[in-house]
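Summary of the model geometry
As a plain string of letters, each chain reads:
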Amino acid sequence: MLSPHPHGINVAVVGIGNCASSLVQGIEHYRAGANETIGLMHYELGGYAPSDIRLVAGWDIDKRKVGRDIAEAVFAKPNCTTVFCETVTPTGAVVKMGRLLDGVADHMVEYPDDRTFLPAEEPEATEEEVIATLRETNTDVLMNYLPVGSQKATEFYAECALKAGVAFVNNIPVFIASDPDWARRFAEAGIPIIGDDIKAQLGATITHRVLTDLFAKRGVKLDRTYQLNTGGNTDFLNMLERKRLASKKKSKTEAVQSVAAERVEDENIHVGPSDYVAWQNDNKVCFLRMEGRMFGGVPMNLELRLSVEDSPNSAGVAIDMIRCAKIAGERGISGPVNPAAAYFCKHPPEQMTDDAAFDALEAFIAG
């Protein structure tokens, strides 16, 4: 087993939801020697083990989380992901009241308390307060886990990371790392950024991409495809507001289009969340169909059903993104960390096939 890194990685989290819960549980689960390392893409990455990651700050707007240690808050409602590590060591970091902005969709108030967000009646965080916390805690990496569609709120925390000199990992489909202006600002400030929109360890998008790439490599013309997803967590409930989905659909669609032999016509490709099914909780079900033509123009089709627990699927990637952001900072790399983004994100600044992205990532890790 790897010896603990003398410095570790200090991580702050925005949005103490299901994805944060799985990440926090995972850090505890994979502490040196505690369990097998099944489920990790890299046990050691750049000299850092999962147990070298320390949670030092967190922000949320839900009254059931604000004021509690992160280790407690990750188990509070409306979180509903699988509990695979029941006892998490207190972090010493208490969840602070965040900034609302556009983080909560209007329709969320119509649902039962256990299913939706309950904003705390406390003063919202100011930019100065967030920056001060990031500096006081010596945060290395700020993780953004805000709800889909939180454009203004994401920009608020990205600005805080810039001004505090902290690496930013953008797990959601709001375009920061892949936006040229934001990318330039992080590069000029000498700060790494990885994004946008985390690609799960083995989820709908990576499966769809690999199969699309397979069609291209085997000379099968992809004519039509859809990817329909259902789930019962706050992410799917939030996405019932279709206006919040523009960047999400673009991110997921481009992830597939970018590996096709030739672009599928817009009306022949549909990729995106389809419905909220409360009893599924954090289980996500993907229905995938691909229609194509083989040798001699003879038609074929493929149908696949994938069922995964959504948030651990995300955390399996996040734990590597954190470590990549840290070693990028140590090596003086600023702006978008393209090899990590291409492998770990749906909408990176530079799209690559997964084979090319894997090789680029391993080369980056090796230094």
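- By the naming in an unreviewed UniProt entry, the protein goes by Inositol-3-phosphate synthase and is assigned to Novosphingobium kalidii.
- Taken verbatim from the UniProt record of the protein, the Sequence similarities (unreviewed entry) comment is "Belongs to the myo-inositol 1-phosphate synthase family."

**Regarding the overall build of the protein**
- If you tally the helices and strands in the protein, you get 11 helices and 11 strands.
- Relative to the compact-globule value of 21 Å for 367 residues, the protein shows a C-alpha radius of gyration of 20 Å, a close match.
- For the C-alpha atoms alone, the extent of the protein along its principal axes is close to 65 × 50 × 45 Å.
- Taking as baseline every contact in the protein between residues at least 6 positions apart, the subset at least 24 positions apart corresponds to 78%.
- Summing over all exposed atoms, the protein offers an accessible surface of approximately 15,300 Å²; the carbon and sulfur share of this is 51%.
- With 37 positive and 51 negative side-chain charges, the protein shows a spacing of 3 Å between the two charge centroids.

**Let's talk about the sheet that holds strand β8 (residues 269-276)**
- The strand order across the open sheet formed by 4 strands is β8-β7-β9-β10, and the pairing between neighbours is mixed. Among the strands making up the open sheet, the edge pair consists of β8 and β10 (299-309). Across this sheet, the average inter-strand angle for adjacent strands is 10 degrees, counted without regard to direction.
- Here strand β7 (residues 221-231) pairs with strand β9 (residues 283-293) via 9 bridges, running antiparallel.

**Re the UniProt feature "domain: Myo-inositol-1-phosphate synthase GAPDH-like" (unreviewed entry) in the protein**
- Per the UniProt annotation, the sites labelled "domain: Myo-inositol-1-phosphate synthase GAPDH-like" (unreviewed entry) are residues 203-311.
- For residues 203-311, the end-to-end C-alpha separation is 10 Å, with 30% helix and 38% strand making up the annotated structure.

**What about the environment of L214?**
- Note that L214 resides in helix α6 (residues 204-217).
- The class of L214 is partly exposed, set by a relative accessible area of 43%.
- It is 44 Å that separates the C-alpha atoms of L214 and G98, two residues lying 116 residues apart in sequence.

**What to know about the sheet that holds strand β4 (residues 141-144)**
- Reading across from one edge, β3-β2-β1-β4-β5-β6-β11 is the order of the 7 strands in this open sheet, with parallel pairing throughout. If you trace the sheet from one side to the other, it starts and ends with β3 (95-97) and β11 (335-336), each paired once.
- Alignment of strand β6 (residues 192-194) against β11, held across 2 bridges, turns out to be parallel. Across the sheet, residue P192 finds its bridge partner in β11, namely G335.
- Those strands touched by helix α3 (residues 127-136) are β1 (9-14), β2 (53-60), β3 and β4, and its axis lies near 170 degrees from that of β2.

About the thresholds
Residues numbered from 1 in each chain as written. Predicted model: local features only at pLDDT ≥ 70, side-chain atom pairs only at ≥ 80, totals over all residues. Heavy atoms only, no water. UniProt positions renumbered as here; feature names shortened; annotations may be inferred. Helix = DSSP H or I, 4+ residues; strand = E, 2+ residues; numbered from the N terminus. Rg over C-alpha atoms; globule rule 2.2 N^0.38 Å. Contact = heavy atoms within 4.5 Å. Areas by Shrake-Rupley, 256 points an atom, 1.4 Å probe, with all protein chains shown as cover. Lys, Arg positive; Asp, Glu negative; His and termini not counted. Charge placed at Lys NZ, Arg CZ, Asp CG, Glu CD. Pairing = 2+ DSSP bridges. Axes fitted to C-alpha atoms, helices over the stretch in contact; angles between N-to-C directions. Buried < 20%, exposed > 50% of the residue type's maximum accessible area, 1.4 Å probe, protein only.

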